[in-house]
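Here is what each chain is made of, one letter per residue.
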Amino acid sequence: SAHTLVVEASLHLNKLNQEDAMSAFNQCKNIKQESWAYFNLSYLAEHFLQVDEPKSSTDLLTKHVLTIEKLNYKALTLLTYSLLSEGFYTQNQLLTAESFALKTIAISDDAANLKPIANSHKILHEIYLKKGNKDLALKHLSKYIELDHQVLDQNKAKTIAIQLAKTKINDTIRDNEILNQKNQALLLEQDLAKEEAKTLTLIILILVLIASFAAIISIRTKRTHIKLKQFAEFDSLTGIANRRYFSDQSEDQLKRLRSKKHLVSFIHFDLDKFKAINDTYGHAIGDWVLRVAPNCVKKVIRKVDLFGRVGGEEFAILLPDCDLETAQEIAETIRAELVKINSEESGHKFDISASFGVTNSLMSGYDLDALMRDSDQAMYKAKLNGRNCVHVYEGKP
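Given the structure is predicted, the values throughout are model-derived calculations rather than measurements. (Residues numbered from 1 in each chain as written. Predicted model: local features only at pLDDT ≥ 70, side-chain atom pairs only at ≥ 80, totals over all residues. Heavy atoms only, no water.)

**Section: the overall build of the chain**
For clarity, the threshold we go by: The helix count covers DSSP runs of H or I at least four residues long, the strand count covers runs of E at least two residues long, and both are numbered beginning at the N terminus. Partly exposed describes any residue whose relative accessible area lies between the buried limit of under 20% and the exposed limit of over 50%, with all areas from a 1.4 Å probe on protein chains only and scaled to the type maximum. Whether two residues are in contact is decided by their heavy atoms: any pair within 4.5 Å suffices. Surface accessibility follows the Shrake-Rupley procedure with a 1.4 Å probe radius. Residue values consider only the protein chains on display as shielding.
Tallying secondary structure elements over the chain gives 15 helices and five strands in all. Burial analysis of the chain (397 residues in total) assigns 43% to the buried set. The contacts in the chain between residues at least 6 apart in sequence include a share of 66% that link residues at least 24 apart. Just so you have it, the chain exposes about 22,200 Å², and 54% of that area is on carbon and sulfur atoms.

Listed below in structure tokens is the structure:
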């Protein structure tokens, strides 16, 4: 219902209050919109988590969880279980948090509801770390990273769709403007036909205006198409290939290299303690780091190498015709360049470093997902080894 959409929007804007959410809940109940009603409670529970009131969140949802389960609305059930898991985890009730996280994953078969599933894997990762079960913790961390990337891709796809819709609307408005101009020109021609001495001059003037306007529209349309292409292929913040374009180009390269049996290496790296930089100095400083870090890579890699941003602070490099030892040296050079960045240019002083994972086609094959997975595993071990280092994938040829 409209009331529920207002409550959801207020939640995302950090302006939700309990009175509005309960009012929307009661209004939906009165018109027999049960699912919408309990979405309002879920949004209120999520608000309690945002303002560090986890007990209020779990108390609210525990009271209604049986009713929500009976509604059999999967999106609502997934959201409820995920919020209960997060709420109980925050209160250090690990067994209950684990139970609800596992319930979330058990009913997760809908690609449209990735966020609560990803959050549940993240919570299970943290629970198993506390319990000392590193294997299970790593398994759920890997799944969380995979789903988080998919959520990011979905958000990007939505953003592109919105931009395309805006462009289409603008084009329609411009087309209407052209039609209006042409109609006005025709009316003007009819009026000026009464004055034969001035007709020719006015017609020429109108044609010039129309031609000029059409030329302007053509130029603007071409620029719009160029911008859309750049938006679809390159990351707007860093100026390098985005995940989708990097993946498409890499897969094309890998097919060519596989057919010729050429060696290929792959580097995956992640900026260390990036969240701490964001939390301490603000997102503007975090964005500054993301803009300057790629410069350290560009001056080291070759023109034939592919370089892209594949996550929030994650980057990847595909190195055609490059052996593992050379790839390791390249990664080490980039690592050293990142450490040299003078953070004082941002107005603050802090360390910048990254952890690197390296693999090649002899160990991981020519499948992009396998290269990403194995280099990511190596990068994770670099993190465990103290960060700011390069780790080579330990798989066997």
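**Considerations on helix H2 (residues 18-30)**
Since one α-helical turn is 3.6 residues long, residues separated by three or four positions face the same way. Cut-off, in case you're wondering: Given the number of residues in a helix, its expected span is that number minus one, multiplied by 1.5 Å. The arc in question is the one traced by the directions running from the helix axis out to the C-beta atoms.
Relative to the 18 Å expected for 13 residues at 1.5 Å per residue, H2 spans 18 Å between its end C-alpha atoms, a close match to the ideal helical length. Restricting attention to buried positions, one finds in H2 the residues Ala-21, Ala-24, Phe-25 and Cys-28. When H2 is viewed along its axis, its buried side chains cluster within an angular range of 105° and face the same direction. Seen from the buried face of H2, the exposed residues on the opposite side, beyond 90 degrees, are Glu-19 and Asn-30. Lining the buried residues of H2 we find helix H1 (2-12) and helix H3 (34-50). The first or second residue beyond H2 is Lys-32, which carries a positive phi of 65°.

**What to know about the side chain of Thr-58**
Put simply, the rule reads: Pairs of N or O atoms are called polar contacts if they sit within 3.5 Å, as long as, within protein, a hydrogen donor faces a hydrogen acceptor (for residues adjacent in sequence, only side-chain-to-side-chain pairs).
Looking at the secondary structure, you find Thr-58 in helix H4 (residues 54-71). What makes Thr-58 buried here is its relative accessible area of 2%. Of note is the side chain of Thr-58, whose polar atom sits 2.9 Å from the side chain of Gln-91. Once residues lying within four places of it in the same chain are set aside, the contact partners of Thr-58 are Leu-84, Gly-87, Phe-88 and Gln-91.

**Observations regarding a negative patch on the surface**
Definition in use: Each patch is built from salt-bridge-free residues with over 30% relative accessible area, joining like charges within 9 Å and nonpolar side chains (Val, Leu, Ile, Met, Phe, Trp, Tyr) within 5 Å. A pairing counts as a salt bridge when a side-chain nitrogen of Lys or Arg comes within 4 Å of a carboxyl oxygen of Asp or Glu. Residues scored as charged are limited to Lys and Arg (positive) and Asp and Glu (negative), so that His and the chain ends carry no count. Here the site of a charge means atom NZ of a Lys, CZ of an Arg, CG of an Asp or CD of a Glu.
Together, Asp-248, Glu-251, Asp-252, Asp-367 and Asp-369 make up a negatively charged patch on the protein surface. Ranked by the residues each element gives to the negative patch, the list is headed by helix H10 (residues 243-260), at three residues. With respect to the helices, strands and loops of the structure, Asp-252 is situated in helix H10.

**Looking at the pattern of salt bridges**
Where charged atoms of side chains with opposite charge meet at close range, the side chains can pair. The full count for this structure, using the stated rule, is 15 salt bridges. Lys-299 is paired through a salt bridge with Glu-337; the nearest N and O atoms lie 3.1 Å apart. Of this pair, Lys-299 sits in the loop between helix H12 (283-298) and strand S2 (306-309) while Glu-337 sits in helix H13 (residues 324-340); the two residues are 38 residues apart in sequence, bridging distant segments of the chain. Glu-337 is paired through a salt bridge with Lys-340; the nearest N and O atoms lie 3.7 Å apart. Separated by three residues within a single helix, Glu-337 and Lys-340 lie in helix H13, roughly one turn from each other. A residue is classified by how much of its surface remains accessible, and Lys-340, at 61% relative accessible area, is exposed.

**Thoughts on the pairing of strand S1 (residues 264-271)**
The following threshold applies: Any two strands with at least two DSSP-identified bridges between them are counted as paired.
Burial of S1 is extensive: eight of the eight residues sit out of reach of the surface. What you see with S1 is no split at all: Val-264, Phe-266, His-268 and Asp-270 on one side and Ser-265, Ile-267, Phe-269 and Leu-271 on the other are buried throughout. Examined bridge by bridge, S1 and strand S3 (residues 314-320) share seven bridges and lie antiparallel to one another. Within S3, the position partnered with His-268 by the bridge is Ala-316. As judged from the seven bridges shared by S1 and strand S4 (residues 354-360), these two strands associate in the antiparallel manner.

**Here we look at helix H5 (residues 74-90)**
Between its first and last C-alpha atoms H5 spans 24 Å; for 17 residues at 1.5 Å apiece the expected length is 24 Å, and the two agree. Of all the 17 residues making up H5, 14 are buried; the element is thus mostly covered by neighbouring parts of the structure. After H5 finishes, the residue Asn-92 shows a positive phi value of roughly 65°.

**Thoughts on the packing of H3 against H4**
Filter applied, for reference: Lines are fitted to the C-alpha atoms to define the axes, a helix being fitted only along its stretch in contact, and any angle between axes, read from their N-to-C directions, falls within 0 to 180 degrees. Throughout this description, any angle smaller than 35 degrees is read as roughly parallel, any larger than 145 degrees as roughly antiparallel, any in the 65 to 115 degree range as roughly perpendicular, and the remainder as oblique. It is the rotation of the near helix from the far one that decides the hand of a crossing: anticlockwise by less than a right angle makes it left-handed, clockwise makes it right-handed. Residue classes follow a fixed rule: Ala, Val, Leu, Ile, Met, Phe, Trp, Tyr, Cys and Pro count as nonpolar, while Asp, Glu, Lys and Arg count as charged, and any other residue, Gly among them, counts as polar.
For the pair H3 and H4, the least separation of the axes is 9 Å and the interaxial angle reads 160°. When the axis of H3 is compared with that of H4, the two are roughly antiparallel. Crossing hand, H3 versus H4: left-handed. Taking contact as the criterion, the partners of Glu-34, Ser-35, Tyr-38, Leu-41, Ser-42, Leu-44, Ala-45, Phe-48 and Leu-49 in H3 are, on H4, Pro-54, Ser-56, Ser-57, Leu-60, Leu-61, His-64, Thr-67, Ile-68 and Leu-71. Here the contact of H3 with H4 is composed, by residue class, of 11 nonpolar, six polar and one charged.

**As for the packing of aromatic side chains**
Convention followed: For Phe, Tyr and Trp, rings pair up if their centres lie within 6.5 Å, where Trp contributes its six-membered ring, and each pair is then called stacked (planes under 30 degrees apart), edge-to-face (over 60) or tilted (otherwise).
Counted according to the given criterion, the structure contains 12 aromatic pairs. Ring geometry for Phe-269 against Phe-315: centres 5.2 Å apart, planes inclined by 20°, an arrangement best described as stacked. Of the two residues, Phe-269 sits in strand S1 while Phe-315 sits in strand S3, which places them 46 residues apart along the sequence. The pair Phe-269 / Phe-315 is uniform in exposure class, with both members buried. Ring centres of Phe-307 and Phe-315 lie 6.0 Å apart, and the angle between their planes is 35°; on these two criteria the pair is classed as tilted. There is no split in this pair, since Phe-307 and Phe-315 are both buried.

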